[in-house]
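Survey of secondary and tertiary structure
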Amino acid sequence: MKLTHFAPVALALTTVTLAGCSGESGDVAAPAADQVALEVSNARLMLPAVSGNPGAIYFDVENTGDRNYAIRRADVEGAGRAELHGSMEVQGQMTMDSLGQVLVNAGDSQSFEPGGFHVMVFDLDPSLAAGGTTEMTLTVVGGKKKSFPVEIRAAGDER
């Protein structure tokens, strides 16, 4: 047997062996949301002025823990999809693009605001209306989650 064929077999056997050593049966529960030391405030969804266009979510997040967290994903109830975005200036022009993650260092805070980091939300459910609320869940590297309510505002309201 060639050595190149041995590596995948060894990896598979190691995975099976380690899975059997866990001593647990059944599904493993996801980490509790309260284990993420992130406090979120001032969360608001700005509805688009034109139906069918994306909206934007702004908020402030504070890391009250002793370890850094990298936010890698956002999910919003009532949105087909959500993306972490950042605004930046390139050759004198403001541009926006999706981001892989946003770092919030231990003891620090990060604002998701117009002209900076924000969450773009696409394919919004028509039931999302100004004056209501929805829920957003942030997922950090490692899979822990933080969910919180988001106030829904009309396009012309204060951001």
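None of these values were measured; they are calculated from a predicted model.

Following the criterion strictly, the structure yields three aromatic pairs and no others. Judged by centre distance (4.2 Å) and plane angle (10°), the rings of F59 and F112 are stacked. Taken together, the positions of F59 in strand β2 (residues 55–63) and F112 in strand β7 (residues 109–112) put the pair 53 residues apart, joining distant regions of the chain. Between F112 and F117, the ring centres sit 5.9 Å apart and the planes meet at 45°, which makes this aromatic pair tilted. Residue classification places F112 among the buried positions, given a relative accessible area of 1%.

One can find A37 in the loop between α1 (3–20) and β1 (38–46). Classification of A37 by relative accessible area gives buried; the value is 18%. Spatially, the C-alpha atom of A37 lies 8.9 Å from that of A106, the residues being 69 residues apart in sequence. Once residues within four sequence positions are removed from consideration, A37 is found in contact with E62, N63, T64, G65 and Y69.

Another aspect to go through is the nonpolar core. Core analysis: the largest hydrophobic core is formed by 28 residues, its most contacted members being L45, I57, F59, I71, V119, V121 and M136. Of all the secondary-structure elements, those providing two or more residues to this core are β1, β2, β3 (69–76), β4 (79–90), β6 (102–104), β8 (118–124), β9 (133–140) and β10 (145–153). It is β3 that provides the largest number of residues to this core, a total of four residues. Filtering out sequence-adjacent residues up to four positions away, I57 remains in contact with R44, L45, V76, H118, V119, V121, M136 and V150. Core analysis: the second largest hydrophobic core is formed by five residues, A56, Y58, M120 and F122 among them.

When pLDDT is averaged along the protein, the result is 82; 79% of the residues meet or exceed 70. Long-range and interchain partners of residues 1–31, a stretch whose pLDDT sits below 50, account for two contacts in this model, where long-range means more than four residues apart.

Moving on, we come to the pattern of salt bridges. Applying the stated criterion across every chain yields a total of three salt bridges. In this structure, D75 and R73 form a salt bridge, with 2.7 Å as the shortest nitrogen-oxygen distance. Taking relative accessible area as the criterion, R73 reaches 42% and is therefore assigned partly exposed. Linking E151 and R153 is a salt bridge whose minimum nitrogen-to-oxygen distance equals 3.2 Å.

Attention now moves to the side chain of K146. Tracing the backbone through its elements, the reader meets K146 in strand β10. Within the buried set, K146 has no salt-bridge partner at all; the shortest N-O distance to an opposite charge, 4.4 Å, is to E39. Among the polar contacts listed, one links the side chain of K146 to the backbone oxygen of L38, at a separation of 3.3 Å.

In this section: the pairing of β3. Note: β3 against β6, three bridges, orientation antiparallel. Bridging from a neighbouring strand, I71 pairs with V102 of β6.

On to the side chain of H85, then. Within the secondary structure, H85 is located in strand β4. Within the structure, the side chain of H85 is placed 2.8 Å from the side chain of E83, a separation counted as a polar contact. Look past the residues within four positions of H85 in its chain and what remains in contact with it is M96, D97, S98, L99, G116, F117, H118 and M120.

Rules used in this analysis
Residues numbered from 1 in each chain as written. Predicted model: local features only at pLDDT ≥ 70, side-chain atom pairs only at ≥ 80, totals over all residues. Heavy atoms only, no water. Phe/Tyr/Trp six-rings, centres within 6.5 Å; stacked < 30°, edge-to-face > 60°. Helix = DSSP H or I, 4+ residues; strand = E, 2+ residues; numbered from the N terminus. Buried < 20%, exposed > 50% of the residue type's maximum accessible area, 1.4 Å probe, protein only. Contact = heavy atoms within 4.5 Å. Core = buried A, V, L, I, M, F, W, Y, C linked by side-chain atoms within 4.5 Å. pLDDT = per-residue confidence, 0-100. Salt bridge = Lys/Arg side-chain N within 4 Å of Asp/Glu carboxyl O. Lys, Arg positive; Asp, Glu negative; His and termini not counted. Polar contact = N/O pair within 3.5 Å; in protein donor to acceptor, adjacent residues only side chain to side chain. Pairing = 2+ DSSP bridges.

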